[in-house]
Amino acid sequence: LATHLRPGGREHKAHIKNKDISFDTVKDLRQRGWLLRYEGVELVQDAKGCRSYSCGPCQKKEGWYQAFQHIDTGKHEKAKSYAVGLPPRPSGKREQAEREAWSKAIDEHLAGFAGSGSSSSVGPTSGSTSGPAAASSSASSSLSS
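The text that follows walks through the structure, step by step, so that each part is easy to find.

Scoring rules and cut-offs
- Residues numbered from 1 in each chain as written.
- Predicted model: local features only at pLDDT ≥ 70, side-chain atom pairs only at ≥ 80, totals over all residues.
- Heavy atoms only, no water.
- Helix = DSSP H or I, 4+ residues; strand = E, 2+ residues; numbered from the N terminus.
- Pairing = 2+ DSSP bridges.
- Axes fitted to C-alpha atoms, helices over the stretch in contact; angles between N-to-C directions.
- Core = buried A, V, L, I, M, F, W, Y, C linked by side-chain atoms within 4.5 Å.
- Buried < 20%, exposed > 50% of the residue type's maximum accessible area, 1.4 Å probe, protein only.
- Disulfide = S-S within 2.5 Å.
- Expected span 1.5 Å × (residues − 1).
- Contact = heavy atoms within 4.5 Å.

1. A closer look at the environment of R37
Okay, step 1: Secondary-structure assignment places R37 in helix α3 (residues 36-39).
Okay, step 2: Between the C-alpha atoms of R37 and P88, which are 51 residues apart in sequence, the distance is 9.5 Å.

2. Focus on the sheet that holds strand β3 (residues 60-63)
Okay, step 1: A sheet is described by the order of its strands in space; here three strands give the open sequence β1-β2-β3, paired in antiparallel fashion. At either end of the open sheet lies a strand with only one pairing partner, and these are β1 (41-45) and β3. Each neighbouring strand pair of the sheet contributes to a mean axis angle of 25°, computed without reference to strand direction.
Okay, step 2: Where strand β2 (residues 51-55) meets β3, four bridges bridge the pair, whose relative direction is antiparallel. Paired with S52 across the two strands is G63, which belongs to β3.

3. Things to note about the pairing of β2
In regular strands, side chains alternate between the two faces of the sheet.
Okay, step 1: For β1 and β2, the ladder comprises five bridges, and the chain directions are antiparallel. The partner of Q45 across the bridge, within β2, is R51.
Okay, step 2: Linking β2 to β3, which pair antiparallel, is a turn of four residues; within it Q59 sits at a positive phi near 55°.

4. Quick notes on the nonpolar core
Okay, step 1: L29, L36, V41, L43, Y53 and I106 are the most contacted members of the largest nonpolar core, which totals 17 residues.
Okay, step 2: For this core, the secondary structure elements donating two or more residues are α2 (10-32), α3, β1, β2, α4 (67-71) and α6 (92-111).

5. Description of unusual backbone geometry
Okay, step 1: Phi is positive for Q59, which is not a glycine, with a value near 55°.
Okay, step 2: On the accessibility criterion, Q59 (69% relative accessible area) is exposed.

6. Some details on the state of the cysteines
Okay, step 1: Within this structure, the stated rule accounts for zero disulfides.
Okay, step 2: We note that C55 lacks a disulfide partner, and the nearest cysteine sulfur, in C58, lies 3.7 Å from it.

7. Focus on α2
Along an α-helix, a turn takes 3.6 residues, which lines up residues three or four apart on a common side.
Okay, step 1: Across its 23 residues, α2 extends 32 Å between first and last C-alpha, which sits within 8% of the 33 Å expected from 1.5 Å per residue.
Okay, step 2: For α2, every residue scored as buried is listed here: H12, S22, F23, T25, V26 and L29.

8. Points about the side chain of H70
Okay, step 1: One can find H70 in helix α4.
Okay, step 2: What makes H70 buried here is its relative accessible area of 6%.
Okay, step 3: The residues contacting H70, other than those within four sequence positions of it, are Y53, C55, C58, K60 and H76.

Following this line, the structure appears as structure tokens:
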């Protein structure tokens, strides 16, 4: 552990990079997580505890922190345009309700890290999410699994 956290060391630099990537992805989850189900993307956790995203339209699976990079690609947009069975993206009040539910669920989940000594407003995620519709409790419970 001491080697891992020694400032300037290779392991420390990797730790900081991974932490920053995780925090940035959590920020994206808070703002855009509600969109994942409409993109055909799920965040999953395997039996070993490894988290990843799974994209139905592209048949692609990578690290959870790469989900938003993936949905922003032209390849994903093209595959999504041919996909069958994706729910239509809501608009108006329903869209706003889903945005707020995701934001609230992430905030509630992160509040659990407040007592762990972290002073950051964004912390690591745990569990799996599959894109809750409009219910914050649904989002919150899937984040806590």
